[in-house]
Every structure is written in structure tokens, then in C-alpha cells.
Amino acid sequence: MPSRPARFIAATVLSVVLGLSVAGCNTVDGPETTGSLGAGTAPPAPRSEAEWRASLDVLGKRYRENSSDPAAAMAYARALRATEQYAQAAAVLEQAAMRNPHDMPLLGAYGRALADTGQFQQALDALGRAHTPDNPDWRILNAEGAVLDQMGRHVEARRHYDAALKIVPNEPSVLSNLGLSYALTKQLKKAEDTLRLAVTQPNAEPKVRQNLALIVGLEGRFAEAEQIAAADLPPAEAQANVQYLHAMLDQQKDWKKPGKRITIPRAGT
């Protein structure tokens, strides 16, 4: 199977993140540390896997020097997740959460890391402690929805997405997860309509467009799906995305048969 190109990541944890995007599902350079660092105090996040790997030693050393610091733990865990070291990221955040049991941004990061490792109920428990009913965080609601989708609890998941969208109408990361939720129950027209709305938002990430390409391909419109997957990309990257699209569609070729499920690739980082 072709390697996963950087821009073709369907948002799932898990998504999810969460294949559906739990990080937001939420990529590793997304908002999982909201509230933990002052504006302007953090350096720009690495963008490539090589940059993340290069940052591991520095961030790991900083964490080991002060393992009780939530910001240090979250920064190190982000790098671990970005390099697909999910179990270690969860272990780092577990220790930090034990030392800081009321730090909500930390609990949110811990919940996402647990989802990466397939510990969905524990992820929900941590995410539930990462915000309060009187002051809900749309990012946490989105992550909770992605986890619930991975657990097959799609109606509950969509309630969480709807709640998030009441706080941030037309937020593309939430719409993307909602669209993929519909896809998981084979409601492809709803999935496509929702993802098309997500793609039109000015802050939509490239992965949202690729999620749309996947759904259009599942509906049998392969040429259109290829055009969506390759849009606005350099030739080499466009070709990689199209190859990945075909690999994903080949995995789903029997989805219409009774008892067969649509699966969404895990977003990972």
C-alpha cells in the first residue's frame, strides 16, 4: 500500500480522531494545548515528521528535567504522537495527569492520547474531565464525538458534534468529523453534503478536502474524486494523494454488501 502522504489523512482517531480526528480530531500541531501556553511564548510547531523527530531530544530533555510541568509533558507528547509513538505519549501524559489532576488542557491531551491507543472508554473519561457543562470546550466536544464514533455510538457522537457547532458554527474540523460519522453508517449523501460545507470554510485544512474525495469515490464518482484529491497540489504530491485514494477505495470495495462496514483510516497525528 502506498505510504500515507502528509496531506491525505482522513480525520479519524483513531479519526481520530479518532481516524475521525480526535485531535480535531485536531492534528498534532492543532489546539490540544489550548490554555497551557501564553500567546507568543511557544515556538512554531514542526511541520514534517523529520522536524518532529529532530525535536524529540530537546522536548524529551525538557520534560525529564521537570516532569511535573504540564506544558513540558504536552509538548513532548505532541512530538511522540507526531512520530507515531502513541503508547509512550499516553504514558507521559498519564504521569503528568496524575501530578496535575485538575489541569484541563492536560486532561484533554491525555484523552486524545488514550484514543490513539484504542483505550476509548478511558479516553472518554479523561476528555469528560477536560471541560465542564457550564463552560464546554468545542474542541473537547469534537474529540469526544470522534471517540464515540470509534465505539460505534454514532447518535451520541453526532450530538457532541452538534453541540460543538453551536459554539463554533461551520467549524470545518467538526463538520469533517460529522461527515465521516455519516459515512460510517453508510449515509454517503449526508456525508458528502457535510464535507462540501466544510471544504468551503476559509480555515479548512487540506485533509478535509481529502476526506471529501474519499466519500465521492465511495459514491462511485472516481474521476471527480481524483480531481478533488489532487486539487491545488504540486504534481508529485497530487499523484501521491490519488494513489492513496485508490488504495483506500480498494479497501472499501465491498462496502455495499450486507454486513460490511465502511472504515475510515486513523488520523494518528
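Residues numbered from 1 in each chain as written. Predicted model: local features only at pLDDT ≥ 70, side-chain atom pairs only at ≥ 80, totals over all residues. Heavy atoms only, no water.

Looking at the overall build of the protein
Within the protein one finds 12 helices and zero strands. Helices and strands in the protein line up, N terminus first, as α-α-α-α-α-α-α-α-α-α-α-α. Taken across its 269 residues, the protein has 52% of its residues classed as buried. Roughly 12100 Å² of accessible area belongs to the protein as shown, and the carbon and sulfur atoms make up 52% of that amount. (Helix = DSSP H or I, 4+ residues; strand = E, 2+ residues; numbered from the N terminus. Buried < 20%, exposed > 50% of the residue type's maximum accessible area, 1.4 Å probe, protein only. Areas by Shrake-Rupley, 256 points an atom, 1.4 Å probe, with all protein chains shown as cover.)

Here's the deal with unusual backbone geometry
Of note in the backbone geometry, E84 takes a positive phi value of approximately 65° without being a glycine. One can find E84 in the loop between helix 2 (70–82) and helix 3 (86–99). Among the residues examined, E84 registers a relative accessible area of 45% and is labelled partly exposed. Notably, N170 is not glycine yet its phi reads approximately 65°, a positive angle. Mapped onto the elements of the fold, N170 is located in the loop between helix 7 (154–167) and helix 8 (172–184). Given the relative accessible area of 34%, N170 is considered partly exposed.

Describing the pattern of salt bridges
Evaluated as defined, the whole model comprises 10 salt bridges. The salt bridge partner of R221 is E192, with a shortest N-O separation of 2.8 Å. Linking R221 in the loop between helix 10 (206–218) and helix 11 (222–230) with E192 in helix 9 (residues 188–199), this pair joins segments that are 29 residues apart in sequence. In this structure R221 comes out as partly exposed when scored by relative accessible area, which is 30%. Among the residues examined, E192 registers a relative accessible area of 7% and is labelled buried. (Salt bridge = Lys/Arg side-chain N within 4 Å of Asp/Glu carboxyl O.)

Remarks on the side chain of T194
Residue position: T194 is located in helix 9. Ignoring any residue separated from it by four or fewer positions in sequence, one finds T194 in contact with L175, L178, G179 and Y182. (Contact = heavy atoms within 4.5 Å.)

Considerations on the confidence of the model for the protein
Note: predicted coordinates in regions of low pLDDT should not be interpreted at a detailed level. Per-residue pLDDT for the protein averages 83, and the proportion of residues at 70 or more is 81%. Put simply, helix 12 (residues 235–251) is where the protein has its lowest mean pLDDT, 86, and helix 7 is where it has its highest, 98. Across residues 24–42, confidence stays below pLDDT 50; counting only partners more than four residues off in sequence or on other chains, it has 50 contacts. (pLDDT = per-residue confidence, 0-100.)

Overview of helix 2
Taking 1.5 Å as the rise per residue, helix 2 with 13 residues should run 18 Å; its terminal C-alpha atoms sit 18 Å apart, in good agreement. Here helix 2 lies mainly inside the structure; 12 of its 13 residues are buried. Every buried residue of helix 2 is listed here: P70, A71, A72, A73, M74, Y76, A77, R78, A79, L80, R81 and A82. In the core, the buried residues of helix 2 are packed alongside helix 1 (49–65), helix 3 and helix 4 (104–116). For helix 2, the N-terminal capping position is held by D69, with its side-chain oxygen 3.2 Å away from the main-chain nitrogen of A71. (Expected span 1.5 Å × (residues − 1). Polar contact = N/O pair within 3.5 Å; in protein donor to acceptor, adjacent residues only side chain to side chain.)

Side note on helix 11
Considered for burial, the residues of helix 11 that qualify are A225, I228 and A229. Along helix 11, the residues classed as buried sweep out an arc of 100° about the axis, all on the same side. When the buried face of helix 11 is taken as reference, the exposed residues oriented beyond 90 degrees from it are A223 and Q227. Against helix 9, helix 10 and helix 12 lie the buried residues of helix 11. Of the residues trailing helix 11, D232 is marked for its positive phi of about 60°. (Arc of directions from axis to C-beta.)

Some points on the environment of A87
Along the chain, the position of A87 falls in helix 3. Classification of A87 by relative accessible area gives exposed; the value is 58%.

A word on the packing of helix 4 against helix 6 (residues 138–150)
Their axes nearest at 11 Å, the elements helix 4 and helix 6 cross at an angle of 20°. The orientation of helix 4 with respect to helix 6, classified from their angle, is roughly parallel. Crossing handedness for the pair helix 4 and helix 6: left-handed. Contacts between helix 4 and helix 6 involve G108, R112 and A115 from the former and R139, I140, A143 and V147 from the latter. When its residues are assigned to classes, the contact of helix 4 with helix 6 shows four nonpolar, one polar and two charged. (Axes fitted to C-alpha atoms, helices over the stretch in contact; angles between N-to-C directions. Parallel < 35°, antiparallel > 145°, perpendicular 65-115°, else oblique. Left-handed = near helix turned anticlockwise from the far one by under 90°. Nonpolar A, V, L, I, M, F, W, Y, C, P; charged D, E, K, R; others polar.)

A word on the packing of helix 2 against helix 4
Interaxial distance between helix 2 and helix 4 falls to 10 Å at its minimum, and their mutual angle equals 25°. Judged by the angle between their axes, helix 2 and helix 4 are roughly parallel. The handedness of the crossing between helix 2 and helix 4 is left-handed. Of helix 4, the residues touching helix 2 (which contributes P70, M74 and R81) are P105, L106, A109, R112, A113 and D116.

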